[in-house]
Each structure stands twice: as C-alpha cells, then as structure tokens.
Amino acid sequence: MMRKNHKGLLSTGITLFLLLSLLLTACGAAKNTANTSAPAAAATGNAATENGAADSSGNSEIANETLETPSFTLVGVRDAQISSQQIIADKLGYFKEEGLEITNQLIESGPDIAPMIAGGSAPLSIQTNFMDIILTSNGVDVKIVAPLAQIAGTQAVVGGKNLNLSSAKDLEGKTIGVPSGADVVIAINNMGKELGVDVEKIKYVNLAPSDAVVALEKGNIDAMAAWEPFITKAIQSGGKFLFSGTKSELPDNPGDVDWMSVHTTIQATDDFLTENPNTIKAVLRALYKATDYINNNREEAIRILAPELHLSEEELTQIMNRNVYSMEVNDSYVSGSNGPAVGQYLKSTGNIKAEQNPQLYHDLSLLQEVAPELIKAEFE
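Residues numbered from 1 in each chain as written. Predicted model: local features only at pLDDT ≥ 70, side-chain atom pairs only at ≥ 80, totals over all residues. Heavy atoms only, no water.

## Things to note about the pattern of salt bridges
Then step 1. In this structure the tally under the stated criterion is 14 salt bridges.
Then step 2. Note that Glu98 and Arg285 form a salt bridge whose closest N and O atoms lie 2.8 Å from each other. Of this pair, Glu98 sits in the loop between helix 4 (94–97) and strand 4 (101–107) while Arg285 sits in helix 11 (residues 277–296); the two residues are 187 residues apart in sequence, bridging distant segments of the chain.
Then step 3. Overall, the relative accessible area of 0% leaves Glu98 in the buried class.
Then step 4. With a relative accessible area of 8%, Arg285 lands in the buried category.
Then step 5. Across the salt bridge formed by Glu228 and Arg322, the nearest N and O atoms sit 2.7 Å from each other. One end of the pair, Glu228, is in the loop between strand 10 (223–227) and helix 9 (230–236); the other, Arg322, is in the loop between helix 13 (313–321) and strand 15 (324–325), with 94 residues separating them in the sequence.
Then step 6. Classification of Glu228 as buried rests on a relative accessible area of 1%.
Then step 7. The structure contains a network of salt bridges with shared partners spanning Glu65, Glu97, Glu98, Lys281, Arg285, Lys289 and Glu369. (Salt bridge = Lys/Arg side-chain N within 4 Å of Asp/Glu carboxyl O. Helix = DSSP H or I, 4+ residues; strand = E, 2+ residues; numbered from the N terminus. Buried < 20%, exposed > 50% of the residue type's maximum accessible area, 1.4 Å probe, protein only.)

## Here we look at the nonpolar core
Then step 1. Core analysis: the largest hydrophobic core is formed by 105 residues, its most contacted members being Met191, Phe243, Ile266 and Leu284.
Then step 2. The dominant element in this core, judged by the number of residues it contributes, is helix 11, at ten residues.
Then step 3. With near-sequence residues (within four places) excluded, Phe243 lies in contact with Gln155, Ala156, Val157, Leu171, Ala187, Ile188, Met191, Ser248, Leu250 and Trp259.
Then step 4. Core analysis: the next-biggest nonpolar cluster, separate from the first, contains 13 residues, Val158, Leu207, Leu216 and Ile221 among them. (Core = buried A, V, L, I, M, F, W, Y, C linked by side-chain atoms within 4.5 Å. Contact = heavy atoms within 4.5 Å.)

This is the structure in structure tokens:
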C-alpha cells in the first residue's frame, strides 16, 4: 500500500512540476513580449505597442490591433489649412504613441498630391475633399476617411486700399485677380446670389496668388481672390478684407455667412484602406489628439507650427483663426462641401467629367470605430 501511495505521490508531484514549468515558461514569454514592445509607450507614458495604442483621449487602454504597416510616408502640404494636425502629431509624438513611425512629406503645392495618389506614391495623404471629387471623377480609387478642418474662411476676397464700396453691388464692373479655376469663385458666386450682385459683370484677371498680391498693392486690380497665406499678406500690404466663405465685412452684410464650404481631409487609396485598417485607425487617433491640442493650446501650437510653415507667429495666428479645426462629420461637411453646387462648379471649370455621389469617395467606417461621437450626419 505504501509503494502504491508513493507512486501516486510521485506521479502527482511530476504532474505539478510540469504544470508549474509550463506556467513559468508562459509567464516568461509574456514578460519578454511586453519588454520588446514597450519602448514607445515608456517614452510617452501612454500605452503603445505593436499590438495597439492609447485611445484618442489619451487613455492607456491598449487596442488589441496589430499595425499592418507601422512605417510609411504621410504626404501633406506646407500649409496651415492642410497639415497643421499632421505637423503637431509628429512634433508632439502622437504618431509614436500609436506605434507609428511616420515620415511627414510636406509638398509646396497641394494640387501636386493628386498625381501622386493616382501614381501610387501617396497611399495616405492630406489635402481637400475637392481633390477627391476630381480624382473619383477621373477613375482613381480613393476614399476620404475623415475630415480635418473647415477651411472656407481662408478662401477670401481682399480689396485694394483705394477700393470703396457702399454695397456689395459696387463690385460689378470691378477687376478681381484670381487664379483660373480657383475654388474661391464658389464664394463669390454665392455672395452674388444672396446679395443681388451680377457676378457676370465682374472682370476676372487670371493671376497667381503671389502676383495678385503685388498687383493689388500697385493698384493694377481692384481686388484679389485667393487663399492663405496670400490673404494675410495682401492685408499686410494695405488691402482690406471683404469676405470669405464664412465671414463678411461687406457694408451691407457684415458677419457670419455660408457662401462656401471646403474641408481638409485625410484620404487613402482603396488598396491601402483595405490592407491597413488598423494602421489608419492609429493615424486617426493621433490626428484627433493633435486637433484637440490645436484647439486647446493655440498659442503653443502656433509656436510649434510657425517655423515648419515658414510663417511668422503673427501671420499664422491670423491664418489659423480663419480655420475651424474639427474632425466632425456634420451637416456643413455633408451638404456644403460635397453637394450639387460644388459638383456643378467643378464640372463648369472642366475639373470633373460628371457630378459624383459622395458615397463613392467616402469611407468613414474607421472614424466611426475610433470616435463615433464625431459622426453627426450621414450621406443619403
């Protein structure tokens, strides 16, 4: 009986030893895994590993998601309207907190991003939703995954120092320097409809924004229509702000207006979107943090951005105050910058072949996962 019991104890002991060994081995493996994936989190105090990252509010809850492509180039524009959040997310380490190693490529001319997307060298990029409408019309498979800012306030008309208006109708017969096909013409057309101005009587001169600033200062044109930073530069040279897509200082209609809606957006090619949902969600979380930082720490954000954007802090302050930095999908975004009026205008300028259904160039499902509170309107 004793031998039988000894064998039973021996067998039980071996079993317990093997179970303990397996448990220790498993714990050791988990410890090793945590050690190899922790540096990014340790550097910032937020949880960020190759299997996940801190959520958009900065909480240290790790999403159990493997980043498909943690290292890549994000193409944007050296422009406060386009890439402010992109720059902040890089400089403050928000991309790194999400386990990303992103190279920010800031080009000087926004329209140059379109051929990069079509050619495959910019699978994830930041520009405007108008560009996506144009790309979709030309058969390029691309989807907006989130808006970043309402920038219609930076699409504006500035009058020369000798221009005196008693009403908006006085613009009839005046000469405005504007680049051919510029989106700011949408604001001019809507202003005309609302205030009874016959925009067909306005004389347009095709001028690049920098040339228009010079022509306005010399008095060769009555007004100029362009975007930032040229609006601020024209005002610094003695020009007078007249109106933008969202604000008016016209004598007969001062205040907030709704004459144009255009948004900065982040878009992905269809292939990159299909293959990298977790990576894109990580990017969106980082940009969400950057958006909050810009809105809650504007002076500090301007100090970070000014040297990157090659602007003085004074210039950048004026420019950023004309923008609304928000990733919210609201009625203004859904109806304003993707509606028939925009399609008709882009078609009239030859930029698109036919008006496009917004659902063709949007996929907001990842934004819905990251921050469902941002989805406040939907495309029909």
